[in-house]
Amino acid sequence: MRAVVQRVSSASVDVDNERVGAIEKGLLVLLGVEETDTSKDLQYMVDKILNLRIFEDENEKMNLSLKDVGGQLMVVSQFTLLGDCRKGRRPSFVEAAKPHKANELYEEFVMKCRNEDIKVETGKFQTHMHVNLCNDGPVTILVDSHKKF
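Residue positions within a chain follow its written sequence, with the count starting from 1. Two thresholds apply to this predicted model, a pLDDT of at least 70 for residue-level local features and 80 or more for giving and counting side-chain atom pairs, whereas whole-chain, interface and lining totals are computed over all residues. Here the side-chain values reflect all heavy atoms present in the structure, with hydrogen atoms and water set aside.

A.B. asks: Lay out the pairing of strand β6 (residues 72-77) with the relevant residues and their values.
C.D. replies: Each residue gets one of three labels from its accessible area relative to the maximum for its type: buried under 20%, exposed over 50%, partly exposed in between, using a 1.4 Å probe on protein chains only. Think of it this way: any DSSP run of H or I at least four residues long counts as a helix, any run of E at least two long counts as a strand, and we number them from the N terminus. With 6 of its 6 residues buried, β6 lies for the most part within the structure. By the alternation rule, side chains of β6 split into Gln72, Met74 and Val76 and Leu73, Val75 and Ser77, which are all buried. When DSSP finds two or more bridges between a pair of strands, those strands are recorded as paired. Alignment of strand β3 (residues 26-32) against β6, held across 6 bridges, turns out to be parallel. Paired with Val29 across the two strands is Val75, which belongs to β6. As paired strands, β6 and strand β7 (residues 120-122) are joined by 3 bridges and run parallel to one another. By the bridge assignment, Val75 is partnered in β7 with Thr122.

A.B. asks: Describe the nonpolar core, with residues and values.
C.D. replies: To qualify as a nonpolar core, a set must consist of buried Ala, Val, Leu, Ile, Met, Phe, Trp, Tyr and Cys residues joined through side-chain atoms within 4.5 Å. Residues Val5, Leu27, Leu31, Leu73 and Phe109 are the most contacted members of the largest nonpolar core, which totals 30 residues. Elements that contribute at least two residues to this core include exactly β1 (2-15), β3, α1 (39-51), β6, α3 (99-114) and β8 (130-144). In terms of residue count, α3 provides more of this core than any other element does, 6 residues in total. By definition, residues are in contact when any of their heavy atoms lie within 4.5 Å. Sequence-distant contacts of Leu27, defined by excluding residues within four places in its chain, comprise Val5, Gln6, Arg7, Val8, Ile49, Ile54, Phe55, Leu66, Gln72, Leu73 and Met74. Membership of the second largest hydrophobic core comes to 14 residues, among which are Val4, Ile23, Leu81 and Met129.

A.B. asks: Which residues make up the environment of His100, and what values do they have?
C.D. replies: Considering the arrangement of structural elements, one finds His100 in helix α3. When its relative accessible area of 64% is taken as the criterion, His100 is described as exposed.

A.B. asks: Outline the pattern of salt bridges, supporting the account with residue identities and numerical values.
C.D. replies: Put simply, a salt bridge is a Lys or Arg side-chain nitrogen that is within 4 Å of an Asp or Glu carboxyl oxygen. Evaluation of the coordinates by the stated rule reveals 7 salt bridges. Across the pair Lys148 and Glu34 runs a salt bridge, and its minimum N-O distance is 2.9 Å. Here Lys148, found in the segment after β8, pairs with Glu34, found in the loop between β3 and α1; they are 114 residues apart in sequence, far enough to count as distant. Among the residues examined, Glu34 registers a relative accessible area of 5% and is labelled buried. Taking the shortest distance from any N to any O, the salt bridge between Glu95 and Lys148 comes out at 3.2 Å.

A.B. asks: Describe α1, with residues and values.
C.D. replies: Take the number of residues in a helix, subtract one, and multiply by 1.5 Å to get its expected span. The end-to-end C-alpha separation of α1 is 18 Å, in line with the 18 Å expected for 13 residues at 1.5 Å each. Those residues of α1 that fall on the buried side of the exposure criterion are Asp41, Leu42, Met45, Val46, Ile49 and Leu50. Seen from one end, α1 has its buried residues packed into an arc of 140 degrees, which puts them on one side. Contacts made by the buried residues of α1 are with β1, β3, α2 (66-69), β6, α3 and β8. The directions considered for the arc run from the helix axis to the C-beta atoms.

Laid out in C-alpha cells, this is it:
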C-alpha cells in the first residue's frame, strides 16, 4: 500500500461539479492499493499515517500528529500511485490491485481511521475527481507499507 500524505489547511473533492467531501486542517491522503496488500499492510498504514508527527508544536518543531492536533482526514483512492515508469514512457499498473480488492481495502482504511475518532471525508472510488488542496508548509510525505522507499 502506498500513500502520498500532505499536511493541509483545507482540502476538498468534487465529482461532476458536486462537492463530495471537504476538510479543514488535517491531512490529504492519496491512497494506492497493491495487489499483494493484506490486512497487515492496511494496519501499518493506518497506524503510520494517524501518528505521523508532521504538525508543529509550540516551538515550531514538527512534533505533533493528526490525533494530537485534532485534525481531519481526506482520503482519496489513487491507483496511479502504483504506476511503474522504469521502462518505456507509458506507466505500467500491473502492481495495482484490481478494483474490487482496492475498494475493499480503501473502505477498510477509512473505517479504521473513523474508529480512531478522526473526522474522515473521502473522494468517490473509481470516478474522475477534482482534488483541491491548500498544502500547509508545504509538507508532503511518502509512505509505503512494503518500504520500497
